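# Observations on the model geometry
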Amino acid sequence: TVQTTGDAAALELSVDRSTIDADGADLAFVTVKVIDKNGLLVPRTHNSVKFSISGPGEIIATGNGDPTNHESFQAPQRKVFNGMALVIIRSQKGSAGEITLTAKSDGLKTSRTVITSSN
């Protein structure tokens, strides 16, 4: 089904798994979507999204799948491409706890997701 979306209203974060090992090598992949008030992906947006993280983890890369985009993969912000972006989070070795990723974009509702890092 194809549906016409409304204006961009919020960011939505979904993580590939909610728990990662606190070994300094385990990764979690977070998909970022720009959605309308009904939760539908708004594909023709190019919002810039700023990311921040707290807890025993770090952002090791951001991406959006746009082959013409030259932003650094290590930058803490990324423009969405077709309404989507990706954030890769790595655990910190020996540090267990909750890792909170926050995504903000001007004019859109902020979104957060929590990943548990465990020994």
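Our structure is the block above this text.
Residues numbered from 1 in each chain as written. Predicted model: local features only at pLDDT ≥ 70, side-chain atom pairs only at ≥ 80, totals over all residues. Heavy atoms only, no water.

## Describing the overall build of the chain
The condition is simple: Per the convention used, a helix needs a DSSP run of H or I reaching at least four residues, while a strand needs a run of E reaching at least two, with both numbered from the N terminus. For the radius of gyration, the atom set is restricted to C-alpha positions; the globular benchmark scales as 2.2 Å times the number of residues to the power 0.38. Exposure categories follow from relative accessible area, calculated using a 1.4 Å probe and restricted to protein chains: below 20% of the type maximum is buried, above 50% is exposed, and the middle band is partly exposed. Between two residues, a contact is recorded if the distance between any of their heavy atoms is within 4.5 Å. Calculation of accessible area relied on Shrake-Rupley with a 1.4 Å probe; when residues are assessed, cover is drawn exclusively from the protein chains displayed. We score Asp and Glu as negative and Lys and Arg as positive, and we do not count His or the chain ends. The location of each charge is read from NZ of Lys, CZ of Arg, CG of Asp or CD of Glu.
Within the chain, the secondary structure is distributed over 0 helices and 9 strands. Moving toward the C terminus, one meets the helices and strands of the chain in the order β-β-β-β-β-β-β-β-β. In terms of overall size, the chain behaves like a compact globule, its C-alpha atoms giving a radius of gyration of 15 Å where 119 residues would be expected to give roughly 14 Å. In terms of principal-axis extent, the alpha carbons of the chain reach across some 45 × 30 × 25 Å. Burial analysis of the chain (119 residues in total) assigns 37% to the buried set. Taking the contacts inside the chain whose residues are at least 6 apart along the sequence as the reference set, 68% of them involve residues at least 24 apart. Carbon and sulfur atoms make up 48% of the accessible area of the chain, which amounts to about 6600 Å² in all. Here the chain holds 12 positive side-chain charges and 12 negative ones, and the gap between their average locations is 4 Å.

## Here we look at the side chain of Ser91
Rule in force here: Here a polar contact is taken to be a pair of N or O atoms separated by no more than 3.5 Å, where protein atoms must pair a possible hydrogen donor with a possible acceptor and residues adjacent in sequence count only if both atoms sit in side chains.
Within the secondary structure, Ser91 sits in strand S7 (residues 84–91). Among the polar contacts listed, one links the side chain of Ser91 to the backbone nitrogen of Asp23, at a separation of 3.5 Å. Polar contacts involving the side chain of Ser91 include one to the main-chain amide nitrogen of Gly24, which spans 3.1 Å. Excluding residues that lie within four positions of it along the chain, Ser91 makes contacts with Ile20, Asp21, Ala22, Asp23, Gly24, Ala25, Asp26, Pro56, Gly57 and Ser117.

## A closer look at the sheet that holds strand S5 (residues 57–63)
Put simply, the rule reads: Any two strands are treated as partners once DSSP identifies two or more bridges connecting them. Interaxial angle, 0 to 180 degrees, is taken between N-to-C directions of lines fitted to C-alpha atoms, where a helix line uses only the stretch in contact.
Read from one edge of the open sheet, 4 strands run S1-S3-S7-S5, paired in antiparallel fashion. The two strands at the open ends of the sheet, each matched to only one other strand, are strand S1 (10–15) and S5. On average, adjacent strands in this sheet sit at an angle of 25° to one another, irrespective of strand direction.

## Describing the pairing of strand S9 (residues 111–118)
Only one face of S9 is covered, namely the face carrying Ser111, Thr113, Ile115 and Ser117; the face carrying Arg112, Val114, Thr116 and Ser118 is uncovered. Pairing between strand S2 (residues 19–21) and S9: 3 bridges, direction parallel. Pairing of Ile20 across the sheet is with Ser117, part of S9. Two elements, strand S8 (residues 97–104) and S9, share 7 bridges in a ladder whose sense is antiparallel. Residue Thr100 lies in a different strand from S9, and its bridge partner there is Val114. Hairpin remark: S8 followed by S9, antiparallel, with 6 residues in the connecting loop; positive phi at Gly107, about 85°.

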